[in-house]
Amino acid sequence: MKLWPLQILFFSLLLYTGCGTQKAGVSKIADPVKPNILLIHIDDLGYHDLSINGSAIYQTPNIDRLARESIQFENAYANFPRCVPSRFAMMTASWPMTSQGVPDDGFEMNAVPDEKNLINKINEAGYHTAFFGKWHLGSGVNGPKGFGFDYSLAAGEAGSPISYFFPFNEPSKKHVNTNKSPIPDVDEIGKEGDFLNDLLTDKVIEHIKNNSDKPFFVSFDHYAVHQPIEAKEKDILRNKKQIEDYDFGNQPEYIKEGTGRTKMRQDNATYAGLVENMDENVGRLLKFIKDFGLEGNTIIIFSSDHGGLSNDGLKERNLATSNFPLRAGKGWLYDGGTKVPLFIKYPKFKPRKESKSIVMLMDILPTILDFASGEKVSDIDGKSLLPLIQQQEDWSDRTVYWHSDKARPRNTGESNASAIRSGKWKLIDFYEKNHKELFNMEEDQGESQDLGYRYPQIRDSLSAELNHWKSTYQ
């Protein structure tokens, strides 16, 4: 058969692009069309609040399906067990530390230098960037648009709604705490009968429809499942019936922890309804991505900002959930407060569980930038997860740190503490009490057996390394 010049060129290109060999499971982000990126970030969602991670009460089929189609990072951690520092760490790829400790009531986002502003770099890579929902890091120059996002909706200083039911900035019949910053925009775009999760999902879908002519990075940060614990009546009634029929066996309702209690049962029907509504809206968003023809070129990242609200302190409160078998919850440096779900879906990568490597929320933005442009930013604390996704590296021996110096013994029962995890070992230093606890996280995920007395050299070595890290911020 005679080949004409154009045919020769065509087959040469095929050979050039197709003859390389790759390791199994490894793909390259080298497409002429850049991938869209959707980050779905949930508030106060515990690791075990998903049925795929063990919840027998909360039904989360849409998130479960997303997880099964993703790389699932089973050792993923928040950088702090409360909202503001955790979100700062994620957006800046930095430890949430300053020379004054951890400012959990706000950070100067506009003080982040340009060379470390990853949102600006994603913009420079040709992306349209948009932020929806809970920001909680400030407003104006410290809000999403001041930080670099092209578009922002319902984001500002607010840490939670006054009500999930319209009007969202007025108290519902069940909730009267109005000592909160209002959520911008939502009452103007909402109407009677709206539920906040549904409304914001509608707006994200609408925005993507209208801005898909160039690659996009959309960060959708749900206010759910943070308090106030409110849900639609149909969702509450369905879960009441399920909880009434569920046998918790000998599992106690509470155990003592710190100055208060840890909740040991997932038996709050209203919270269950809120979780399931959130899952329903994740499903709506994923269905839109598929139906609109974007699924094949969209990276979807799902996570939470810290563990679920399972603890009270000197003041008893309506607790949302249980993180059992993890210990404690929001506010604490035990895994119940810091371990989070983290899934990354991209059709070019084969789904699997990454069960060894230790990863942090501050790794998310470097990963997104790597997907967007391949650029690496030096002198930041987070790092791209792409080498893990491509199975080129192993971070099972990674060392990570936490420091919490604004404990809330009245609200969540904990004491000031610092922590370090290095490989399988985790040390928590309750430094004001001169008390340290050492755990083997491969054998004791519930952090029930303090091994410091058995391995004093490991305890002391980790303690010295933790103190050295803290000293760099003093």
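See the structure shown above.
A short tour of the structure in this document, coming up. (Residues numbered from 1 in each chain as written. Predicted model: local features only at pLDDT ≥ 70, side-chain atom pairs only at ≥ 80, totals over all residues. Heavy atoms only, no water.)

## Remarks on the overall build of the chain
Item 1. Looking only at helices and strands, one finds 13 helices and 16 strands in the chain.
Item 2. The dimensions of the chain, computed from C-alpha atoms along their principal axes, are 85 × 60 × 45 Å.
Item 3. Looking at the 474 residues of the chain, the share that counts as buried comes to 58%.
Item 4. Of the accessible surface of the chain, which amounts to about 20100 Å², a share of 49% is contributed by carbon and sulfur atoms.
Item 5. Of the side-chain charges in the chain, 56 are positive and 65 negative, and the distance between the mean point of each set is 3 Å. (Helix = DSSP H or I, 4+ residues; strand = E, 2+ residues; numbered from the N terminus. Buried < 20%, exposed > 50% of the residue type's maximum accessible area, 1.4 Å probe, protein only. Areas by Shrake-Rupley, 256 points an atom, 1.4 Å probe, with all protein chains shown as cover. Lys, Arg positive; Asp, Glu negative; His and termini not counted. Charge placed at Lys NZ, Arg CZ, Asp CG, Glu CD.)

## Observations regarding the sheet that holds strand β5 (residues 151–153)
For sheets, the rule is that strands pair by backbone hydrogen bonds, running either parallel or antiparallel.
Item 1. The sheet built from 8 strands is open, its strands ordered β5-β4-β6-β1-β9-β10-β2-β11 with mixed pairing. The open sheet has two free edges, formed respectively by β5 and β11 (352–354), since each of these has just one partner strand. Strand-to-strand, the axes of this sheet are offset by a mean angle of 15°, without reference to chain direction.
Item 2. By the bridge criterion, 5 bridges tie strand β1 (residues 36–42) to strand β6 (residues 216–221) in an arrangement that is parallel. Bridge pairing in β6 places L39 opposite S219.
Item 3. With respect to the sheet, helix α9 (residues 269–291) is in contact with β1, β6 and β9 (298–304), its orientation differing from that of β1 by roughly 175°. (Pairing = 2+ DSSP bridges. Axes fitted to C-alpha atoms, helices over the stretch in contact; angles between N-to-C directions. Contact = heavy atoms within 4.5 Å.)

## Some details on the nonpolar core
Item 1. Core analysis: the biggest nonpolar cluster contains 55 residues, and M278 and F302 have the highest contact counts within it.
Item 2. When contributions to this core are tallied by element, the ones reaching two or more residues are β1, α2 (61–68), β4 (128–133), α7 (196–210), β6, α8 (233–245), α9 and β9.
Item 3. Among the elements that line this core, the one with the most residues is α9, at 11 residues.
Item 4. When residues no more than four places from it in sequence are discounted, the contact partners of M278 are I42, L45, I63, N197, H222, A224 and V225.
Item 5. Listed in part, the 48 residues of the second largest apolar core include W135, I364, F371 and L388. (Core = buried A, V, L, I, M, F, W, Y, C linked by side-chain atoms within 4.5 Å.)

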